[in-house]
Each structure stands twice: as structure tokens, then as C-alpha cells.
Amino acid sequence: MLRLIPLLFLAVLAGCARGPDPDVLTNDVQARLDAVFGQPLVEVATLNRQGSAPYRPADDGARQIIVYFNTVLRFVAAYDPSDWESLSPALIAGALGATDQGIIGLGPGRHEPGAEFRSHGSLVYRKTDDGWVAAAETLQRLDADAGAAASGTPGADELVQRLAQLVMQSPKTRGVDREIITEEIDRALRNINLRLQREHEGVALAAGPKGGEYWRFLTSVTRGLPKSTPVQVVTTEGSVANAFLIESQRARIGVMQSDVAAAAVTGQGMFAATGPMSHLRAVASLFPEPVHIVVRADSDIERIEDLAGRRVALGSPGSGSRHTALRLLALAGVDVGGLAHVHDGDAATSLAKLAAGDLDAIIEVVSAPWQQLQVVAAATPLRLVGFDAEQAARIEVDLHGLVPLGIPARTYAGQAAAVRTVAATALLVARSDVAEATVAATLELLYATAADRGGVLAARLSRERAQTGITIPLHEGARRFFEPSAPAESGSGNP
């Protein structure tokens, strides 16, 4: 009998922690999905509860648990996660409490009604007098010449034949000519061997800080690759640093904001002191990074011009966000020197200060949904300040690398309508002397992996948008890759 007491005690605990029954859990998951889109788009086909575990107490001290489940979901309307004008698939993952790799089968491209995908998800429940109720808390678990055209370089076989003819003639030439030929051949062989060695070492993608937007996206795309694959995501300081790394040959391929790349190639903005970077070549735009101008919901700020004389966070010094913010303010006629205060802290600190009333606005260039903003906006009423159509068109013309783009309604708490803004793109950039075959092979790998084994963030990768926002010369390897498949004109069918 004494042996049964511990078992009975554990059974009582298990019963207390069990949480909602499967039908309640299914209804709550469906309600969260409907809330994302404001209309039925995805339905729960099947759901299996996988157990529960204690979770931290609620702010009022109420007991909470986290409930795990596996579900098969079915589209009831068409949806394309790679359509940049639609709600991001990251919102689906957020509603399901799923990790980036916790959703299977939601790849880039149009998903028709009836198409299915799977998820390993989780929801938080709190204990009330009426039983277990789904908590409002959402788990954030997503953890050369500028105008150069095609070179027309002869093929390897032709070059070898021409070199052989030159060498065969060398006995008839003067001694000094033979010396020149020998030196140049030796130099060429050494350069060839060095480049081959770098090619065989694989491709390192300069991705910015660990945990940042670029790092998370490239990790989402490449996570399913075998370890033997010669593509590696490496951390750097970010967009601006990547431009200097590639130009100086310390990196060959990296990601940067499209407007930062445009300024680097033309030697403008923060690149004015160093001059134009003539070796940067565009490879592909990976995903959009809308400009977020965030204010408190009760603020009187309605336009970017209203930031004059205010306390504003412009992004960390030397960051891509700071570069874009300064140029947008200058175009709007706002004197940065006349701002009451410029906050130089990181994004999390800036959002906390905005919520506390210590800042009037934040300008940040970041993909939507911006996770840190989602968390703060759930507790403090905030809103986005956009641009009118005329402003967006002028920005596109005057600030190369920025394009008009909307942040869809319901992206953030309290956002009832779409917000017109402008966006940079996360632009994959290579140095001009990276082999064309290497660039083409890297693109082939990224797109194939995103379709077959990529995570939720990778579903944003779009061939149709690959050249959006590009105003610098395109790498010939990228041209070879994209030319065979011209973009198709078709509607997304997204809500």
C-alpha cells in the first residue's frame, strides 16, 4: 500500500497539470489562426495533444502550463507566404507557438485551398475558477566598373590554346620578352591556385549578428543542409560592416540592406569618406525590411516631418537602420541636429523607453513582424507612422534601394489597417571576382533548400521578387541563374 501512495500523488499532480481537453485545445488553436488573418484561411484538420509542462506564473500570480501538440492544418483559401505584400508566415508560427523548424510543408509559393502542412506547436494556459483558459501570451520562438556588362571572356579551352601558341613562340622572342611571359604565367598560375583554394573551402555567408534578422533568415534557409554542404552562415557586425568586408576581400558573399549597398557603390552617406566601392555586385533580394516609424498610440506625430525637435531613436550608430533613418529625415527636411534627443541604444532599450514615455519615436529598418515590437505592443498601445503615396514615390526616386511597400493590417496588435511605408530589401551581395559558377550554385542551393527543407522564415524567399530594390550592378552568376526563368505576372490570392 505504501508503494501506491507516491503513484497516486503523481497521478493527482498529472491530473492537475493536464490542462484543457483536446476539443478545447483544437478550438483555441483555430481561434488563434482566425485572429491572425481576420477571416478563415487555415483550418485545423487533425490535432493530437502531446502533453504539458509547468510554465511561469502569470503577472497576477495565476498558475500556468504550456501544452504541446501536433497538428495537420489545411488551407481553405489561397495563400502565398513569399508574397511580400501579404501577412508574413511568421505570424502563423507565432499563433501556433511553433519554432522556425516546427512548421513543415509551408514552403515558398502559392498554396491552393486544400493544401496541407503540419506543425509542432504549443499554447500557454492559465488556471481560473472556470478551468483552464488560453493565455493571451504569445510565445516568441522564432528563435570592377559599376556599369560593367557581360565580360565576354573566352572559354578555358580557347585561352589554353592561345597561351600554348604564345609559349611556343617564346624561343623566337627576345630574352626580355621571354622573361615577361614567364613572370605573367607564373603570376596567373598563383592567382588561379589561390582562387581555386578559396572556392574549394566553400561559401561563407556574412550574415550580421547572431540572432539578428539576416542570421535568422539564412539559418532558416540552410538549417536542413547536410554538414558536408560547402555553405556556412557566419556572424558579422551587420549590414554596413558586410559592405567593407566584401570590398576589402575579407568576405566574398554577404547580406546588407539594399539602400546601404546602393550608397556603398556610389560613395554616399556613411561611405562618403571611403569613396565608391566598385567591387560590390547584387545577387538577390531575399526578403523585405520595411521602415518602421513607431510612436505611442496617443502621440500627436502623424508624419515623419512631425519628428522635428522630438526625442527619437535612429538605430545604433553605424547600423543600416541609422543610415536609412538619417537619409529619410534629411529628405523630409528634418534637421537631425535640431532633435531634442537622439537615442543610440539597441532596439530593445529604445522600445522600452518609448513605452515608458522617455522617447517620442523610433525609426528602425526591420522585417515585419518585428518580434520585439510585437511583445511591447501587446502591453503598451503603439502605432506605426507611414508615408503618403507621393512621399513613397519620391523616396524611391531619391533614395536608391528603397521601394514602396505596405505593412499589412493585423501585423501588430491594434493595427486595424495597412500602413504604407518604404522598405529596403535584405540584399545578398557578392564581390565581383567571385566565380559565376559559385554564385549560381549558391542561389540554386538556397532556393532549393528553402522549398524542400527550409523553415518558416525561408518561406519568404521569392524568385519573382529577387531583383526588387536592386540598383547596383548584378553579378553575372546571378544573371545566369535568373535569366532562364522570367518572372511570371500573377496575383497572389492572399487575403
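Per chain, residues are indexed from 1 in the order of the written sequence. It should be noted that, the model being predicted, local features are given only for residues of pLDDT at least 70 and side-chain atom pairs only at 80 or more, the latter also being counted only at that level, while totals for whole chains, interfaces and linings use all residues. Side-chain measures here rest on the full set of heavy atoms in the structure, leaving out hydrogens and waters.

Looking at the overall build of the protein
Next up, step 1: Runs of H or I in DSSP of at least four residues are treated as helices and runs of E of at least two as strands, each being numbered from the N terminus. Tallying secondary structure elements over the protein gives 14 helices and 15 strands in all.
Next up, step 2: The cut-offs for exposure are 20% and 50% of the maximum accessible area for each residue type, with area from a 1.4 Å probe on protein chains only; residues under the lower value are buried, those over the upper are exposed, and the others partly exposed. Out of the 495 residues in the protein, the part that is buried amounts to 47%.
Next up, step 3: Every accessible area reported is derived by Shrake-Rupley at a probe size of 1.4 Å, with residue values counting cover from the shown protein chains alone. Surface exposure of the protein reaches about 23500 Å², of which carbon and sulfur atoms provide 54%.

A few points about the pattern of salt bridges
Next up, step 1: Any carboxyl oxygen of Asp or Glu that lies within 4 Å of a side-chain nitrogen of Lys or Arg is treated as forming a salt bridge with it. For the structure shown, the criterion picks out 17 salt bridges.
Next up, step 2: The closest approach of N and O atoms between R110 and E112, which form a salt bridge, is 2.6 Å.
Next up, step 3: With its nearest N and O atoms 3.1 Å apart, the salt bridge here joins D300 to R310. Placement of the pair is D300 in the loop between β9 (280-296) and β10 (311-313) and R310 in the loop between β9 and β10, with a sequence separation of ten residues.
Next up, step 4: The network of salt bridges with shared partners includes E43, R74 and E116.

Some remarks on the confidence of the model for the protein
Next up, step 1: Note: pLDDT gives the predictor's confidence per residue, expressed from 0 to 100. On average, residues of the protein score 85 in pLDDT, and 82% of them are at 70 or above.
Next up, step 2: Between the elements of the protein, mean pLDDT differs from a low of 46, seen in helix α1 (residues 4-17), to a high of 98, seen in β10.
Next up, step 3: Residues count as neighbours in contact if any of their non-hydrogen atoms are within 4.5 Å of one another. Low pLDDT, under 50, characterises residues 193-198; the stretch is placed with six contacts to residues that sit more than four places away or in other chains.
Next up, step 4: This stretch, residues 486-493, has a pLDDT under 50; its non-local contacts, to residues over four places away or in other chains, come to seven contacts.

Thoughts on the nonpolar core
Next up, step 1: Each nonpolar core is a collection of buried residues, namely Ala, Val, Leu, Ile, Met, Phe, Trp, Tyr and Cys, held together in the definition by side-chain atoms within 4.5 Å. Core analysis: the biggest nonpolar cluster contains 53 residues, and L280, L286 and L443 have the highest contact counts within it.
Next up, step 2: Not counting the four nearest positions on each side in its chain, L280 is found in contact with A243, I246, E247, M256, A264, V265, V429, A430, I472 and P473.
Next up, step 3: Of all hydrophobic cores here, the second largest spans 29 residues; its members include L41, L47, L87 and I103.

Notes on the environment of N242
Next up, step 1: By secondary structure assignment, the location of N242 is in helix α7 (residues 239-247).
Next up, step 2: Of the residues examined, N242 reaches a relative accessible area of 0% and is grouped as buried.
Next up, step 3: In the structure, N242 is positioned 13 residues away from V255 in sequence and 6.9 Å away in space, judged by C-alpha atoms.
Next up, step 4: Discounting chain neighbours no more than four positions away, the residues touching N242 are A206, A207, G208, T236, V255 and M256.
Next up, step 5: Among the polar contacts made by the side chain of N242, one reaches the side chain of T236 at a distance of 2.6 Å. For this analysis, a polar contact is any N or O atom pair within 3.5 Å, provided that within protein one partner can donate a hydrogen and the other can accept it, and provided that sequence-adjacent residues contribute only side-chain to side-chain pairs.

Some thoughts on helix α12 (residues 389-398)
Next up, step 1: For α12, the full list of buried residues reads Q391, A392 and I395. The arc that holds every buried residue of α12, seen down its axis, measures 100°, which confines them to one face. Within α12, the exposed residues directed more than 90 degrees away from the buried face are E390 and V397.
Next up, step 2: Against the buried residues of α12 lie α9 (320-331), β14 (403-407) and β15 (419-431).
Next up, step 3: By the N-cap criterion, in which a side-chain oxygen at the helix start approaches the backbone nitrogen of a residue two or three places on, α12 is capped by D388, the distance to E390 being 3.2 Å. The directions from the helix axis to the C-beta atoms form the arc being described.

Examining the packing of helix α10 (residues 347-356) against helix α11 (residues 371-379)
Packed helix pairs are characterised by how far apart their axes lie and by the angle those axes make with each other.
Next up, step 1: Here an angle of 0 to 180 degrees is reported between the N-to-C directions of two axes, which are lines fitted to C-alpha atoms, with helices fitted over the stretch in contact. Running from amino to carboxyl end, α10 crosses α11 at an angle of 20°, the nearest separation of the two axes being 10 Å. By the criterion of interaxial angle, the relationship of α10 to α11 is roughly parallel. In this structure, the crossing between α10 and α11 has a hand that is right-handed. Note on element contacts: α11 touches α10 through Q372, L373 and V376, opposite A347, A348, L351 and A355.
Next up, step 2: Residues of the contact of α10 with α11, tallied by class, amount to six nonpolar, one polar and no charged. In these notes the angle categories are as follows: under 35 degrees is roughly parallel, over 145 is roughly antiparallel, 65 to 115 is roughly perpendicular, and the rest is oblique. A crossing counts as left-handed when the near helix is turned anticlockwise from the far one by less than a right angle, and as right-handed when that turn is clockwise. Amino acid classes used here: Ala, Val, Leu, Ile, Met, Phe, Trp, Tyr, Cys and Pro are nonpolar; Asp, Glu, Lys and Arg are charged; the rest, including Gly, are polar.

Things to note about unusual backbone geometry
Next up, step 1: Residue P369 follows A368 across a cis peptide bond; omega there is 5°.
Next up, step 2: Checked against the element boundaries, P369 lands in the loop between β12 (361-365) and α11.
Next up, step 3: Residues other than glycine seldom take positive phi values, yet R410 does so here, at roughly 75°.
Next up, step 4: Among the secondary structure elements, R410 is positioned in the loop between β14 and β15.

Re the packing of helix α2 (residues 22-37) against helix α3 (residues 89-96)
Next up, step 1: Taken N-terminus to C-terminus, the directions of α2 and α3 make an angle of 155°; their axes are 9 Å apart at the nearest point. Classified by the angle between their axes, α2 and α3 sit roughly antiparallel to one another. Here α2 and α3 pass one another in a crossing that is right-handed. When α2 is examined against α3, the residues V29, R32, L33, V36 and F37 are found in contact with a partner set consisting of L91, I92, A95 and L96.

Side note on the pairing of strand β2 (residues 64-75)
Next up, step 1: With twelve bridges joining them, strand β1 (residues 42-55) and β2 adopt antiparallel strand pairing. Within β2, the position partnered with A53 by the bridge is I66.
Next up, step 2: The sheet contact formed by β2 and strand β4 (residues 116-128) spans eleven bridges and is antiparallel. Residue pairing in the sheet places R74 in a bridge with E116 of β4. Any two strands are treated as partners once DSSP identifies two or more bridges connecting them.

Some points on the side chain of R460
Next up, step 1: Mapped onto the elements, R460 comes out in the loop between α13 (436-452) and α14 (476-482).
Next up, step 2: Buried and unpaired, R460 has D83 as its nearest opposite-charge partner, separated by 6.6 Å. Residues counted as positive are Lys and Arg, residues counted as negative are Asp and Glu, and His and the chain ends are not counted.

A short note on the pairing of β9
Next up, step 1: In terms of burial, β9 is a largely internal element, 16 of the 17 residues being buried.
Next up, step 2: One ladder, built from eight bridges, connects β9 with β15; its direction is antiparallel. Paired with A282 across the bridge in β15 is V429.
Next up, step 3: Here four bridges tie β9 to β12, and the two strands are oriented antiparallel to one another. The residue bridging V294 from the neighbouring strand is I362, located in β12.
Next up, step 4: Sheet topology note: the β9/strand β13 (residues 382-384) ladder contains three bridges and is antiparallel. In the strand pairing of β13, R296 is matched with L382.

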